[in-house]
Amino acid sequence: MSKTADTAAGFSLAPAPMEGKGSYNRNSAVQQAGASPAIAALVRAAEQISLPDAPSPIAIADYGSSQGHSSLAPMAAAIHTLRGRLDAARPISVFHTDLPGSDFSALFGLLTTDPQSYLRWDGLTYAAAVGRSFYEQILPAQSINLGWCSWAIQWLSRAPAPIPDQVQVAYSADAATRAVYARQAAEDWQCFLRHRGAELASGGRLIVVTMALTEDGDFGYRPVLDALYAALRDRVGEGFMSEAELHGMAIPTVGRSLPDIEAPFAAGSFAGLTIEDARLLLAPDPIWEDYARNGDARAYGARWAAFSRSSVLPTLALALSDHGPERTLTFLGRVEAGMADRLAAAPRKFPIPLVIVDLRKA
């Protein structure tokens, strides 16, 4: 086993919340486009879930909501569907969950002011937030009727080892390191399922959308990740950060194959859950589609760099020896600018593989 994997026990970089002040909301077009095909599955689940007797409220959980913009369309679709099954006065509770440091102010500001917010048109739906990791039980047992988790469980509970030659394990040439991450991904998937199995009420459903691997094992995003790693190496070359700091940087995300998703269900059920449907798809890429239409390479580079800044760069910044506000902001700005330049120089189309999973509580 490599030195990298041998030292895994002493390395545990946990994911940081997305960049605050609404940055993730402004730069989440890719996530919203990718989740769109799963909204139909959420609507079907809302049509089929068992409902508690009146006057008990219906409870929806939005696991990994971040700043909320990507949640507006799926929550609205679910609530509209449920309203068609309920008497006029039946309340619905929506629980948005994310890490404790998440920008919940941006979430509640959005729910209050955005024209697409369910709070603007449904006076009997109530919003709440839970600031805890979904790798533990965060809501009462048997309390959730319908769950949604989009672009969230690709984030591991921790980065189990440094990555010697990249910051995304999918493109590491080190087989031992890839194996360590694969084990962590399997453990985290089972952990997530156990807690959701406890929280879902009988007859409840959970729709999961997450980063995947294509049938030939491709994680996607290769040009973006190559540009990111090159921009980080540039920061080392200019003396802004050290080799040791770079070596401590790892994005704790994985793509799971369909067999990875299905593995816990080999006996038919797991944690009281069964898979109603699981399918792989290649998500649309609105950034590439805009470039193909207008030929604006600078915008292409800037948008993918902003996507990376809002989603993964805050986690990488935790490896800086001094990750106070001033140095972190400088790091974010310099790496984003370096990525934007490299991506603009050679725009490329790449796959965005996702898997959609429909889970049912017996």
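The structure we're discussing is the one just above.
Residues numbered from 1 in each chain as written. Predicted model: local features only at pLDDT ≥ 70, side-chain atom pairs only at ≥ 80, totals over all residues. Heavy atoms only, no water.

Visitor: Even after reading the chapter, I still don't get the side chain of Arg 256, so can you show me in this structure?
Guide: Position of Arg 256 relative to the elements: it lies in the loop between helix H9 (243-247) and helix H10 (258-262). Buried within the structure, Arg 256 lacks any salt-bridge partner; Asp 188 is the closest side chain of opposite charge, at an N-O distance of 5.4 Å. Here Arg 256 is in contact with Ile 153, Gln 154, Leu 156, Ala 185, Asp 188, Trp 189, Thr 210, Met 211, Ala 212, Leu 213 and Ile 261, once residues within four sequence places are set aside. (Helix = DSSP H or I, 4+ residues; strand = E, 2+ residues; numbered from the N terminus. Buried < 20%, exposed > 50% of the residue type's maximum accessible area, 1.4 Å probe, protein only. Lys, Arg positive; Asp, Glu negative; His and termini not counted. Salt bridge = Lys/Arg side-chain N within 4 Å of Asp/Glu carboxyl O. Contact = heavy atoms within 4.5 Å.)

Visitor: I keep staring at the pattern of salt bridges and nothing clicks. Help me out?
Guide: Pairs can form between side chains of opposite charge whenever their charged atoms are close. Taken as a whole and judged by the stated rule, the model has 16 salt bridges. With a shortest N-O distance of 2.8 Å, Arg 132 and Glu 136 are connected by a salt bridge. We note a salt bridge from Arg 196 to Glu 199, for which the minimum N-O separation is 2.9 Å. Residue Arg 196 and its partner Glu 199 are located together in helix H7 (residues 175-199), separated by three residues, close to a single helical turn. A residue is classified by how much of its surface remains accessible, and Glu 199, at 0% relative accessible area, is buried. In the salt-bridge network here, residues are joined through shared partners; they are Arg 235, Glu 238 and Arg 334.

Visitor: What is the right way to read the packing of helix H12 (residues 297-311) against helix H14 (residues 325-345) from this model?
Guide: The packing of two helices is summarised by the inter-axis angle and the distance between the axes. Viewed as axis vectors pointing N to C, H12 and H14 meet at an angle of 145°, and their least axial separation amounts to 8 Å. Considering only the axes of H12 and H14, their crossing is right-handed. Residues Ala 297, Arg 298, Tyr 300, Gly 301, Ala 302, Trp 304, Ala 305, Ala 306, Ser 308 and Arg 309 of H12 lie in contact with H14, whose contacting residues are Leu 329, Leu 332, Gly 333, Glu 336, Met 339, Ala 340, Asp 341, Leu 343 and Ala 344. Of the residues that constitute the contact of H12 with H14, the class distribution is 12 nonpolar, three polar and four charged. (Axes fitted to C-alpha atoms, helices over the stretch in contact; angles between N-to-C directions. Left-handed = near helix turned anticlockwise from the far one by under 90°. Nonpolar A, V, L, I, M, F, W, Y, C, P; charged D, E, K, R; others polar.)

Visitor: What am I meant to see in the sheet that holds strand E2 (residues 92-98) here?
Guide: Think of a sheet as strands paired side by side through backbone hydrogen bonds, with each pair either parallel or antiparallel. With mixed pairing, the seven strands of this open sheet are ordered in space as E3-E2-E1-E4-E5-E7-E6. In this open sheet, the two edge strands, each paired with only one partner strand, are strand E3 (125-131) and strand E6 (273-282). Pairwise comparison of adjacent strand axes, ignoring direction, gives a mean angle of 15° for this sheet. Note: E2 against E3, seven bridges, orientation parallel. Bridge assignment links Thr 97 to a residue of E3, and that residue is Val 130. Of the strands in this sheet, strand E1 (58-63), strand E4 (144-150), strand E5 (200-211), E6 and strand E7 (353-361) touch H7, which is tilted by about 150° from E5. (Pairing = 2+ DSSP bridges.)

Visitor: I tried to follow the pairing of E7 on my own but got confused; where do I start?
Guide: Residues in a regular strand point their side chains to alternate faces of the sheet. Of all nine residues making up E7, eight are buried, and the element is well covered by its neighbours. For E5 and E7, the ladder comprises seven bridges, and the chain directions are antiparallel. Residue pairing for E7: Arg 205 is matched across the bridge by Arg 360. Where E6 lies against E7, nine bridges are found, and the strand directions are antiparallel. Opposite Leu 282, over in E7, you have Pro 353 as the bridge partner.

Don't take any of this as a statement about function, it's just geometry.
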